[in-house]
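Summary of structural features
The primary structure of each chain is shown beneath.
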Amino acid sequence: MSSEKILIIEDEEPISELIKLTLESGGFSNIITAFDGETGLAAARAQLPDLILLDLMLPGIDGLSVCRRLKHDDTTKNIPVIMLTAKGSEFDTVVGLDSGADDYIPKPFRMMELISRVR
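Here goes a summary of the coordinates provided. (Residues numbered from 1 in each chain as written. Predicted model: local features only at pLDDT ≥ 70, side-chain atom pairs only at ≥ 80, totals over all residues. Heavy atoms only, no water.)

A closer look at the nonpolar core
Among the nonpolar cores identified, the biggest contains 21 residues, and Leu7, Ile9, Ile52, Leu54, Val66, Leu70 and Met83 are the most heavily contacted of them. For this core, the secondary structure elements donating two or more residues are β1 (2-9), β2 (28-34), α2 (37-47), β3 (51-54), α3 (63-72) and β4 (81-85). In terms of residue count, α3 provides more of this core than any other element does, four residues in total. When neighbours within four sequence positions are excluded, Val66 is seen to be in contact with Ile9, Gly37, Leu41, Leu54, Leu58 and Ile61. (Core = buried A, V, L, I, M, F, W, Y, C linked by side-chain atoms within 4.5 Å. Buried < 20%, exposed > 50% of the residue type's maximum accessible area, 1.4 Å probe, protein only. Helix = DSSP H or I, 4+ residues; strand = E, 2+ residues; numbered from the N terminus. Contact = heavy atoms within 4.5 Å.)

Structure (structure tokens):
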């Protein structure tokens, strides 16, 4: 099992659980979840994960704003962020990457591809 700490910020609990199970099947065991942007930001600052999987459409603070805040905070700016989102157009991808995301995966995503990108 991998010791990397991964934070999932996803408001839909079934999707969050699916991502968690996918990562666990890929050997990742240290997984934290948050279900809104504010909680996700707080968890990122407190837990300092090795990677953040971030949904765009979140209640309260949206994923783009979360990403920008993470990348402008000296404590969290070096944590890689992969956006997982239903917004899959080229424009959405560019906006996500330009907001500071390191990778962008549209939903529905393929499980093995997610594990590979996380590695």
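Observations concerning helix α1 (residues 13-25)
For α1, which comprises 13 residues, the first-to-last C-alpha distance of 18 Å matches the rise-based estimate of 18 Å (1.5 Å per residue) to within 8%. Among the residues making up α1, those that are buried are Ser16, Ile19, Thr22 and Leu23. Seen along its axis, α1 keeps its buried residues to an arc of 125°; they face one direction. Of the residues in α1, the exposed ones pointing more than 90 degrees away from the buried face are Glu13, Pro14 and Ser25. Just downstream of α1, Gly27 is the residue with a positive phi angle, here 100°. (Expected span 1.5 Å × (residues − 1). Arc of directions from axis to C-beta.)

Digging into unusual backbone geometry
With an omega dihedral of -5°, the bond running from Lys107 to Pro108 counts as a cis peptide bond. With respect to the secondary-structure elements, Pro108 resides in the loop between β5 (103-106) and α5 (111-118). Look at Leu48: it is not a glycine, yet its phi comes out positive at around 45°. Counting through the fold element by element, Leu48 comes out in the loop between α2 and β3. Assessed through its relative accessible area of 42%, Leu48 is described here as partly exposed.

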